[in-house]
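Chain residues, written in single-letter form:
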Amino acid sequence: MSIVTPGFKGRARPDPSRVPPGQYLTRDFPVLSAGPTPRVRTETWQFTVTTEAGEQKSWSWADLLAMPMEKPKVDIHCVTQWSKLDTTWQGVSLDNFLSDVDTAADYALVSSYGGYTTNLPLEDLLDGQAWIVHRYDGEELTPEHGGPARLLVPHLYFWKSAKWVRGIQLLLDDEPGFWESNGYHDYGDPWREQRYQGS
Ligand SMILES: Nc1nc2c(c(=O)[nH]1)N[C@H]1C(S)=C(S)[C@@H](COP(=O)(O)O)O[C@H]1N2
Ligand SMILES: [Mo]
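Residues numbered from 1 in each chain as written. Chains lettered and ligands numbered in written order. Predicted model: local features only at pLDDT ≥ 70, side-chain atom pairs only at ≥ 80, totals over all residues. Heavy atoms only, no water.

Under an unreviewed UniProt entry, the protein chain has the name Sulfite oxidase-like oxidoreductase and belongs to Kibdelosporangium lantanae.

Visitor: Outline the packing of aromatic side chains, listing residues and values.
Guide: For the structure on display, the rule yields 16 aromatic pairs. Ring centres of Trp 45 and Phe 47 lie 6.5 Å apart, and the angle between their planes is 10 degrees; on these two criteria the pair is classed as stacked. Looking at Trp 45, the relative accessible area reads 1%, which means it is buried. The exposure class of Phe 47 is buried, given its relative accessible area of 0%. Counting every residue linked through ring pairs, the aromatic cluster contains Tyr 116, Tyr 157, Trp 159, Phe 178, Trp 179, Tyr 184 and Tyr 196. (Phe/Tyr/Trp six-rings, centres within 6.5 Å; stacked < 30°, edge-to-face > 60°. Buried < 20%, exposed > 50% of the residue type's maximum accessible area, 1.4 Å probe, protein only.)

Visitor: Go over the site of ligand 1, please, and point to the residues and values.
Guide: Pro 30, Ala 34, His 145, Arg 150 and Lys 163 are the nearest of the 19 residues found near ligand 1. Here a nitrogen atom of ligand 1 sits 3.3 Å away from a polar atom, N or O, in the side chain of Ser 112. Between Ser 161 and ligand 1, the recorded distance is 3.1 Å, taken from a backbone N or O atom to a nitrogen atom. For ligand 1, whose free accessible area comes to 530 Å², the fraction covered by protein is 98%. (Near = heavy atom within 4 Å. Polar contact = N/O pair within 3.5 Å; in protein donor to acceptor, adjacent residues only side chain to side chain. Areas by Shrake-Rupley, 256 points an atom, 1.4 Å probe, with all protein chains shown as cover.)

Here is the structure:
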């Protein structure tokens, strides 16, 4: 008996249940940054949630490390068409930061050290769908990939996963972030190929 893999040509064949349309699989981890990598020290790192009323709540690095840790294993999909399966992270679910916040907001604008921003509906950050992660593949998250900590929202294109995350502004009205102001789709669902505005 022989094991035959039809059509195998040395490149991982995309499994359509795991890999969204128009994506290919990669084993390495490309770095995509719109500007220089900011060097953020954990001693001064803060993560701040600001409500539409201007109320703020901040967490230090020590606060973050004391929160319930999860180890999400997720598939990620970049709009430039690479996908990576079963990536392993460690961090804190956004539910821990947002559940006690008094807000009527439907939208969130995430901001990063270095000035990057990205927007998404608040509900996409809740119910175990998003994390602040500080470890990748069993190691500290490197600065190139967003260390000391980044957002991870794997069900949307990876540009929504802000590196060097600094805070979240809760908003009553949607406000486009950096790429969303430059032609990328407002929502960015990889399964519906929402790459660019109008798609
Ligand atoms: N702060 C910040 N976050 C960012 C970006 C960026 O330029 N700045 N690029 C986004 C894009 S387009 C992608 S595909 C992913 C890339 O993450 P990686 O470099 O770890 O692969 O980060 C996203 N988060
Ligand atoms: Mo991207």
